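Commentary on secondary and tertiary structure
As a plain string of letters, each chain reads:
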Amino acid sequence: THFGFKNVPENMKETLVRQVFANVATKYDVMNDVMSGGVHRLWKDHFMRTLAPTPGTKLLDVAGGTGDIAMRFLDYCKETHGDGTAQVTVFDINPNMLEVGKERFSKTPYHNTSQVSFMEGNAENLEHIPDNSMDAYTIAFGIRNCTHVDRVLKEAYRVLKPGGRFMCLEFSKVENPVISKVYDVFSFEVIPTMGHIVANDRDSYKYLVESIRKFPPQKQFAKMIKDAGFTVMGQGYEDLTFGVAAIHSGFKL
Ligand code: SAM
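Now for a quick tour of the structure. Since this is a predicted model, take the numbers as computed values, not measurements.

**Considering the pairing of strand E6 (residues 237-240)**
Relative to strand E7 (residues 245-251), E6 runs antiparallel, the two being bridged by 4 bridges. Paired with Tyr237 across the strands is His248, a residue of E7. In this antiparallel pair of consecutive strands, E6 and E7, the connection spans 4 residues, and Thr241 shows a positive phi of 45°.

Below is the structure:
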């Protein structure tokens, strides 16, 4: 099959996204390291330092997948504050990804504690999560997979407490023309080929690259965050590695 995403009707997107992540779930973590040369770890560490959670923070990590952000969050709270009261819910549409996450947590001291829980669902409809109930909402490399980004942002706003923070880590747009050329070759040729060799799945990785290109650039996404009601500081985002990724942030005030 060919996930030529431009040709896919909108109502098929959710089904395709499910399929892609079901295919890659077990190889997901190792592929992230292979594809990014480990750089995604640095971005995620920086993301957590930027969030800088305080003791007792209640976090909803949407599109949480295999729990990378959740694990960093609990480790940060433990290492920085000696805190064992922070709580995270890993929320994802894909049960295969959540299974890999549960398995990972089962080997940590957080297993079977109230510090971590898992919930299956769509980011566009957080129906089981009450209004004004979360201190922080994170979504890392997930929002570009969602069909209606405006609905995702609206739900994020609803579930956050007043004063709560929305933070998104996502691939973004490289502006520098030289770096952009190199990045194009890497994206359109190297990534699908590596996907083929390492995971025997060229199409899923082709889809990932296409979904990155279709996502709105930094300023446009910052505007969508403001339109959802969030207050942003400065321009509302920070570029990472020339804009290959960016952190967007907003407060519900
Ligand atoms: N946050 C993790 C990380 O940074 O490693 C996982 C990112 S992974 C690239 C994207 C995740 O988004 C997948 O686990 C996928 O199942 C999930 N996802 C895609 N569409 C979603 C939706 N509409 N609602 C919730 N999760 C979704």
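**Remarks on a nonpolar patch on the surface**
A cluster of nonpolar residues, Val30, Val34, Ile197 and Val198, forms a patch on the protein surface that exposes about 320 Å² of accessible area. At the level of elements, helix H2 (28-36) and helix H7 (177-199) are the ones that each hand at least two residues to the nonpolar patch. Tracing the sequence through the fold places Val34 in helix H2. When its relative accessible area of 35% is taken as the criterion, Val34 is described as partly exposed.

**Details of the site of the ligand**
By nearness alone, 19 residues border the ligand, and Lys44, Ala63, Asp92, Ala123 and Ala140 come closest of all. In this structure, a nitrogen atom belonging to the ligand sits 2.8 Å away from a main-chain N or O atom of Ala123. The contact in question runs from a nitrogen atom of the ligand to an N or O atom on the backbone of Ala140, over 2.9 Å. Expressed as a share of its isolated accessible area of 600 Å², the protein-covered part of the ligand is 98%. The residue makeup of the shell around the ligand, split by class, is 10 nonpolar, 6 polar and 3 charged.

**Considering the sheet that holds strand E4 (residues 134-140)**
Spatially, the 7 strands line up as an open sheet ordered E3-E2-E1-E4-E5-E7-E6, and their pairing is mixed. Taken across any chain shown, the strands that pair with only one partner, and hence form the sheet edges, are strand E3 (116-120) and E6. Adjacent strand axes in the sheet meet at a mean angle of 15°, parallel and antiparallel pairs treated alike. Contacts between helix H4 (residues 68-81) and the sheet are confined to strand E1 (58-62), strand E2 (87-92), E3 and E4, with E2 contributing the most and set at about 175° to the helix. The strands touched by helix H6 (residues 149-159) within the sheet are E1, E4 and strand E5 (160-171), with E5 carrying the most contacts at an inclination of about 145°.

**Remarks on helix H9 (residues 218-227)**
For H9, the set of buried residues is Gln218, Phe221, Ala222 and Ile225. For H9, the buried positions fall inside an angular range of 105° around the axis, keeping them on one side. In H9, the exposed positions angled more than 90 degrees off the buried face are occupied by Lys219, Lys223 and Asp227. Each element contacted by the buried residues of H9 is listed here: H6, E5, E6 and E7.

Thresholds applied
Residue positions are given per chain, counted from 1 along the sequence in the order it is written. Under the rules for a predicted model, residues below a pLDDT of 70 receive no local features and side-chain atom pairs below 80 are neither given nor counted, while totals for whole chains, interfaces and linings still include all residues. Water and hydrogen atoms play no part in the side-chain values, which are based on all heavy atoms of the structure. Two strands qualify as a pair provided that DSSP identifies no fewer than 2 bridges between them. Segments assigned H or I by DSSP are reported as helices when at least four residues long, segments assigned E as strands when at least two residues long, and all are numbered from the N terminus. Two distance rules govern patches: like charges are joined within 9 Å, and nonpolar side chains (Val, Leu, Ile, Met, Phe, Trp, Tyr) within 5 Å, applied only to residues with over 30% relative accessible area and no salt bridge. Using the Shrake-Rupley algorithm and a 1.4 Å probe, accessible areas are obtained, with residue cover drawn only from the displayed protein chains. Whenever Lys or Arg places a side-chain nitrogen within 4 Å of a carboxyl oxygen from Asp or Glu, that contact is recorded as a salt bridge. In this scheme, a residue with accessible area under 20% of its type's maximum is buried, one over 50% is exposed, and one in between is partly exposed, where area comes from a 1.4 Å probe on protein chains only. By convention in this text, a residue qualifies as near a molecule or strand provided that one of its non-hydrogen atoms is within 4 Å of it. Polar contacts, as counted here, are pairs of nitrogen or oxygen atoms within 3.5 Å of one another; within protein the pair requires one atom able to donate a hydrogen and one able to accept it, and residues that are adjacent in sequence qualify only if both atoms are side-chain atoms. Throughout, the ten residues Ala, Val, Leu, Ile, Met, Phe, Trp, Tyr, Cys and Pro are labelled nonpolar, Asp, Glu, Lys and Arg are labelled charged, and all others, Gly among them, are labelled polar. Angles run from 0 to 180 degrees between N-to-C directions of axes, and those axes are lines fitted to C-alpha atoms, restricted for helices to the stretch in contact. Contacts are assigned to residue pairs with any non-hydrogen atoms lying within 4.5 Å of each other. Directions drawn from the helix axis to the C-beta atoms are what define this arc.

Read these as geometric descriptors, not functional statements.
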